[in-house]
Amino acid sequence: MCPKIRFQSPVLARFLLILAFFCGAAHALYTFDGITATRVPDDRIKVDGSPDTLWKGIYNLTNGGSSIRFNEYGKMVILQPDSARNADPAKYVAPAPTGLIFMLSAYDSKALYFYFQVKAATVANSKSLCTTADNFWKADAPEIFLDPSVWDPDTAVYRSYFSADAGGLIYGTSPKTIQIDKPINDKDTRVFFRNRAAGDKFQRPAVTPAGILAVSQRSASDTTLVSVEIKIPYWSGVFPTNFGPGKSMFISWGYNMYPASLWANCNADPIAYRWAKHYLSYEDAATKPPGWRAHDSTHYDPLRSWDGWGRFTMNSSSVFDPKCSFTLPASWNTEDWKRSSCGQPVTSLGYPESSGSRFRAGSGSNRNAERGRDLRGRAAQDRSGMLIFPLEAMDGGPKVRPERIVPL
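These numbers come from a predicted model, not from an experiment.

Observations concerning the overall build of the chain
No. 1: A tally of regular secondary structure across the chain gives five helices and 16 strands.
No. 2: For the chain, the residues scored as buried account for 55% of the 408 residues in total.
No. 3: When contacts within the chain are restricted to residue pairs at least 6 apart in sequence, those whose partners lie at least 24 apart make up 75%.
No. 4: Of the roughly 16800 Å² that the chain leaves accessible, carbon and sulfur atoms contribute 55%.

Shown next, in the form of C-alpha cells:
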C-alpha cells in the first residue's frame, strides 16, 4: 500500500513523487481501484432522484461504492492557472470544505445507471447564479465521463482510443466519449452534456440527448443531503458489442463545487474533484508526453489528458434483486442502509455473456499526455492567470445576495 500523498514542502513533494513511482504507479491510467456496475432487473430503477431499495442494496453489496471526501486534497484539482497545475491545492483552498460524495453504478439490458449522494452544507442556485454562456458550467454538480472503448491499460493500445479533437488538440476523449453533469440544485432540471461528435464542447442543450435522464432531489429529513440519479441508454447501437455482462470500458467521475464565498460574482472557477487523480512523474522517461513540462506530476483529467481514466466493469454475476427489510424505509442515512437485511441476488436473467476481455498487463508510462482544456473546453494557453479564487474568497468573501442562495 502506498501512503496518501499530500505535498507539504518542495523536499517532501519530490520524495513522495519518487515513492509513488516505486509504489506501483506503472500505469498512466488510474489503476489503484476500479468501478463495478451491478446487474439489476430491466426497468426496475425509477430515475426520480431518490435512493430506492436497489440502490441501498447496491451500497451494501459494494461496501459504499466509490467516494470522495471534500477535504481530500489528493483528489482536488486546480483548474487554473496553468502554472499552478502541480501545486498543493491546500495553498489555494483553506480551510478544506466539509462533506463528501459517493457514487453507485448499475446496469440492465438497456442502460447504465448512476446514483450520487452529496453531503453539502450549501448549494449554489444554478438557476440564477453564473447563468451566462461562459459561466453556466459553474454549478455544484456530480459529473460522469464514459468511453465504451474496450478497457486495456497497455499504453500502446489505449492511447490510440483517445485522439485529437475537432480543434486539433490532443486530450483524453474520443468521438465515443460522453460527459454528463447534473446540478444538485433540485430546482434546476437542466443537464450539462459534452458531445465530441456534435460541436465537441461542453453544452447545455435545449433538448437533452435521447433517453438520457438526470434528476436531483433533496432529502426531506436532512437538507444537507442531495442525491442525483442518471440514466444513460447504450449509445451508438453498440450493445452487446461494448456493453453487457463482463464488459470493461473507461470511466472517470468527479464533482464541481462552487463555494459560497464565490457566489457574489462568477470571476473564479469551482473547486474540482477527480476520482482518477493520481501522482505520476515522467521526469526520467525517455519520451515526454505532448504538452509535458518540467516537474509535471499529476495527470488526472479526461479533459486534459488520456491519463485521467480508470476501469469500469459490468459485473457478470447474477442479477441483483435484493429483498430488504428497513427499520426506516425512507431514510437516506447510509448507516440505516447498513442495518438492513438484504437477501441474495436471484439467478441470471440470461444476458449475453462476455466474449472475453482484452485486459492485459500494462507496460511503462504514458508517453502522450496533453495539457488540453479545462471544463469549459478552453485550450490551456487561453486560460487567464487568475488563481482558483479571487483574494477576497480567502477571507470569507463578500456578502451574498439572498436571491443567489438555495435555502437549506
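From this point on, the discussion continues.
Things to note about the packing of aromatic side chains
No. 1: As enumerated under the stated definition, the model contains 17 aromatic pairs in all.
No. 2: Geometrically, the ring pair formed by Phe 102 and Trp 337 is edge-to-face, given 6.4 Å between the ring centres and 90° between the ring planes. Here Phe 102, found in strand E4 (residues 100-107), pairs with Trp 337, found in helix H4 (residues 334-338); they are 235 residues apart in sequence, far enough to count as distant. Judged on exposure class, the residue Phe 102 and its partner Trp 337 are both buried.
No. 3: For the pair Phe 116 and Trp 253, a centre-to-centre distance of 5.9 Å together with 55° between the ring planes defines the contact as tilted.

Section: the pairing of strand E7 (residues 178-181)
No. 1: Side chains of E7 alternate between two faces, with Ile 178 and Ile 180 and Gln 179 and Asp 181 buried alike.
No. 2: Pairing analysis gives four bridges linking strand E6 (residues 141-147) to E7, with the strands arranged antiparallel. Residue pairing for E7: Glu 143 is matched across the bridge by Asp 181.

Notes on unusual backbone geometry
No. 1: For the bond running from Ala 94 to Pro 95, omega is 0°, close enough to zero to count as cis.
No. 2: The phi dihedral of Asp 43 is positive, around 60°, even though this residue is not glycine.
No. 3: Counting through the fold element by element, Asp 43 comes out in the loop between strand E1 (35-39) and helix H2 (53-61).
No. 4: Classification of Asp 43 by relative accessible area gives partly exposed; the value is 47%.
No. 5: If you check the backbone angles, Asn 63 has positive phi at about 55° while not being a glycine.
No. 6: Looking at the element boundaries, Asn 63 is found in the loop between H2 and strand E2 (66-69).
No. 7: Given the relative accessible area of 74%, Asn 63 is considered exposed.

Here's the deal with the side chain of Asp 321
No. 1: One can find Asp 321 in the loop between strand E14 (310-314) and strand E15 (324-325).
No. 2: Side chain to side chain, Asp 321 and Arg 44 meet in a polar contact 2.7 Å long.

Looking at the pattern of salt bridges
No. 1: Counted according to the given criterion, the structure contains 10 salt bridges.
No. 2: Note that Arg 274 and Glu 143 form a salt bridge whose closest N and O atoms lie 2.5 Å from each other. Of this pair, Arg 274 sits in strand E13 (residues 271-274) while Glu 143 is found in strand E6, placing the two residues 131 residues apart along the sequence.
No. 3: For Glu 143, a relative accessible area of 0% translates into the label buried.
No. 4: The salt bridge partner of Lys 187 is Asp 186, with a shortest N-O separation of 3.4 Å.
No. 5: For Asp 186, a relative accessible area of 23% gives the class partly exposed.
No. 6: Through salt bridges with shared partners, a single ionic network connects Arg 44, Asp 321 and Lys 323.

A closer look at the environment of Pro 233
No. 1: As for its position among the elements, Pro 233 is in strand E11 (residues 225-233).
No. 2: In this structure, the C-alpha to C-alpha distance between Pro 233 and Asp 108, residues 125 residues apart in sequence, is 9.7 Å.
No. 3: Sequence-distant contacts of Pro 233, that is, excluding residues within four places in its chain, are made with Lys 110, Ala 111, Ala 210, Gly 211 and Ile 212.

Side note on the environment of Asn 333
No. 1: Secondary-structure assignment places Asn 333 in the loop between E15 and H4.
No. 2: On the accessibility criterion, Asn 333 (39% relative accessible area) is partly exposed.
No. 3: Taking C-alpha positions, Asn 333 is 9.8 Å from Ser 219, a pair spaced 114 residues apart along the chain.
No. 4: A polar side-chain atom of Asn 333 sits 2.8 Å from the main-chain amide nitrogen of Glu 335.

Observations regarding the state of the cysteines
No. 1: Under the criterion given, the structure shown has one disulfide.
No. 2: The partner cysteine of Cys 130 in its disulfide is Cys 266, sulfur to sulfur 2.0 Å. Judged by the sign of its S-S torsion, about -100°, the bond between Cys 130 and Cys 266 is left-handed. Here Cys 130 is found in the loop between strand E5 (111-119) and E6, whereas its partner Cys 266 is found in the loop between strand E12 (248-257) and E13, with 136 residues between them in sequence.
No. 3: By relative accessible area, which is 16% here, Cys 266 ends up buried.

Cut-offs applied
- Residues numbered from 1 in each chain as written.
- Predicted model: local features only at pLDDT ≥ 70, side-chain atom pairs only at ≥ 80, totals over all residues.
- Heavy atoms only, no water.
- Helix = DSSP H or I, 4+ residues; strand = E, 2+ residues; numbered from the N terminus.
- Buried < 20%, exposed > 50% of the residue type's maximum accessible area, 1.4 Å probe, protein only.
- Contact = heavy atoms within 4.5 Å.
- Areas by Shrake-Rupley, 256 points an atom, 1.4 Å probe, with all protein chains shown as cover.
- Phe/Tyr/Trp six-rings, centres within 6.5 Å; stacked < 30°, edge-to-face > 60°.
- Pairing = 2+ DSSP bridges.
- Polar contact = N/O pair within 3.5 Å; in protein donor to acceptor, adjacent residues only side chain to side chain.
- Salt bridge = Lys/Arg side-chain N within 4 Å of Asp/Glu carboxyl O.
- Disulfide = S-S within 2.5 Å.

The analysis is restricted to geometry; functional conclusions fall outside its scope.
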